[in-house]
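Now for the letters of each chain:
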Amino acid sequence: MTTSRRKFVKDALAATVLTTIGTPLILNAAGRTSHSPADAHTAAPFEFKQIPLPYAYGDLEPNIDAATMDIHYNKHHSTYIKNVNEAIVAENITFTNEKDFFSHASSLSAKARNNGGGAWNHNFFWQSMKPNGEGKPAGRLVDVINGSFGSLDKFKEQFAQAATSRFGSGWAWLVQDGVKLKIGSTANQDNPLMDNSEFKGTPLLALDVWEHAYYLKYQNKRADYITNWWNVVNWSEVARRFS
Ligand code: MN
């Protein structure tokens with residue numbers, strides 16, 4: 001494949017990703033999606049919005065079952081969205097975007113922080129998966145993963161270790177920190193964007209290891225859930241997030 005052909009394919013893939021799952025994570029209070037300069041000067045608080053699931057509930061079978069996806073999306077995630085938006089209004093939270101919201105997490109109530117994390121993390125998680133995932137990264141992400149962890153297998157081993165060793169409920173993450181990639185985990189609904197997170201960076205990939213994410217199908221076998229989850233990782237989306 002020629003360089004220009006490769007670039008064309010890459011651009012076409014990126015456009016597809018944006019078209020299918022590029023829904024804005026957040027709308028402002030008026031429900032506008034515009035990022036025009038005029039909006040930047042208004043002080044209206046924003047609200048979190050649940051993205052449409054970019055596939056059907058059963059599309060990640062047999063790796064993640066349809067019932068789990070349905071309950072996870074329609075009960076758990078939607079409740080985080082509802083609760084954080086309640087908190088934004090009730091507590092008169094005036095941050096106007098998610099970046100400011102999370103970079104001031106230490107100043108938020110437990111309700112705003114936990115539900116804000118739950119709202120954002122799940123939107124990010126849904127987009128981190130796709131039916132029939134590529135199975136492995138491509139392009140320069142391969143070099144960066146090899147440079148950071150030695151090999152793809154070693155990366156997966158270390159990521160799975162972070163996911164299995166998170167005690168109780170939480171998330172495993174791959175993040176970008178400058179030119180390096182790092183693996184870690186957070187408790188509850190914390191995420192690496194929060195100023196007071198125990199693990200920080202720019203998120204590239206996330207895995208929900210709350211029992212509600214796998215218990216119906218895997219019961220106590222979190223390790224099996226993680227092993228099968230690699231089959232549905234949306235590597236082209238991970239690559240898009242990498243800068
Ligand atoms: Mn969850």
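Summary of the structure given here. (Residues numbered from 1 in each chain as written. Predicted model: local features only at pLDDT ≥ 70, side-chain atom pairs only at ≥ 80, totals over all residues. Heavy atoms only, no water.)

### Some points on the pairing of strand 5 (residues 202–208)
- Burial within strand 5 is extensive, with six of its seven residues counted as buried.
- The sheet contact formed by strand 3 (residues 170–177) and strand 5 spans six bridges and is antiparallel. Within the sheet, the bridge partner assigned to Leu174 lies in strand 5 and is Leu205. (Buried < 20%, exposed > 50% of the residue type's maximum accessible area, 1.4 Å probe, protein only. Helix = DSSP H or I, 4+ residues; strand = E, 2+ residues; numbered from the N terminus. Pairing = 2+ DSSP bridges.)

### Considering the coordination of the manganese ion
- The manganese ion binds to the protein through His72 (NE2), His122 (NE2), Asp208 (OD) and His212 (NE2); the donor distances cover 2.0 to 2.1 Å.
- Each donor residue of the manganese ion lies on one chain, and together they are spaced H-x49-H-x85-D-x3-H. Of this pair, His72 sits in helix 3 (residues 66–90) while His122 sits in helix 5 (residues 110–127), and the two are 50 residues apart along the sequence.
- Residue His122 is classed as buried on the basis of its relative accessible area, which comes to 0%. (Donors = N, O, S within 2.8 Å, 3.2 Å for Na, K, Ca; no water.)

### Some words on the packing of helix 7 (residues 152–165) against helix 9 (residues 222–229)
- One way to put it is that helix 7 packs onto helix 9 with a least axis distance of 10 Å and a crossing angle of 145°. The handedness of the crossing between helix 7 and helix 9 comes out as right-handed. On helix 9, the residues touching Phe159, Ala160, Ala163 and Thr164 of helix 7 are Arg222, Ala223, Ile226 and Trp229.
- Considering only residue class, the contact of helix 7 with helix 9 consists of six nonpolar, one polar and one charged. (Axes fitted to C-alpha atoms, helices over the stretch in contact; angles between N-to-C directions. Left-handed = near helix turned anticlockwise from the far one by under 90°. Contact = heavy atoms within 4.5 Å. Nonpolar A, V, L, I, M, F, W, Y, C, P; charged D, E, K, R; others polar.)

### Remarks on the sheet that holds strand 4 (residues 180–187)
- What the three strands build is an open sheet, ordered 4-3-5; its pairing is antiparallel. Only two strands of the sheet have a single neighbouring strand rather than two, namely strand 4 and strand 5. The mean inter-strand angle of the sheet, taken between neighbouring strand axes irrespective of direction, is 20°.
- Sheet topology note: the strand 3/strand 4 ladder contains eight bridges and is antiparallel. Pairing of Gln176 across the sheet is with Leu181, part of strand 4.

### Remarks on the packing of aromatic side chains
- Inspection of every chain in the model, using the stated rule, returns 22 aromatic pairs.
- For the ring pair Phe101 and Phe102, a centre distance of 5.3 Å and an interplane angle of 90° mean the geometry is edge-to-face.
- Between the aromatic rings of Phe159 and Trp229, the centroid separation amounts to 5.7 Å while the plane-to-plane angle is 10°, which identifies the pairing as stacked. Here Trp229 lies in helix 9 and Phe159 lies in helix 7, a separation of 70 residues in the sequence. For the residue pair Phe159 and Trp229, the accessibility class agrees, reading buried in each case.
- Taken together, the aromatic side chains of Phe46, Phe48, Tyr73, Phe101, Phe102, Trp120, Phe124, Phe125, Trp126, Trp171 and Trp173 make up a single cluster linked through ring pairs.
- Positioned above the aromatic ring of Tyr218, the side-chain terminus of Lys217 is 5.7 Å from the ring centre.
- Over the aromatic face of Phe124 sits the side chain of Arg241, whose NZ or CZ is 3.6 Å from the ring centroid. (Phe/Tyr/Trp six-rings, centres within 6.5 Å; stacked < 30°, edge-to-face > 60°. Lys NZ or Arg CZ within 6 Å of the ring centre and 35° of its normal.)

### Remarks on unusual backbone geometry
- Backbone torsion omega between Glu61 and Pro62 reads 0°, so that peptide bond is classified as cis.
- Relative to the helices and strands, Pro62 resides in the loop between strand 2 (46–48) and helix 3.
- Look at Asn132: it is not a glycine, yet its phi comes out positive at around 50°.
- Asn132 gets classed as exposed once you look at its relative accessible area, which sits at 71%.
- The backbone of Asn188 shows a phi angle near 55°, a positive value even though the residue is not glycine.
- Inspection of the secondary structure puts Asn188 in the loop between strand 4 and strand 5.
- With a relative accessible area of 42%, Asn188 lands in the partly exposed category.

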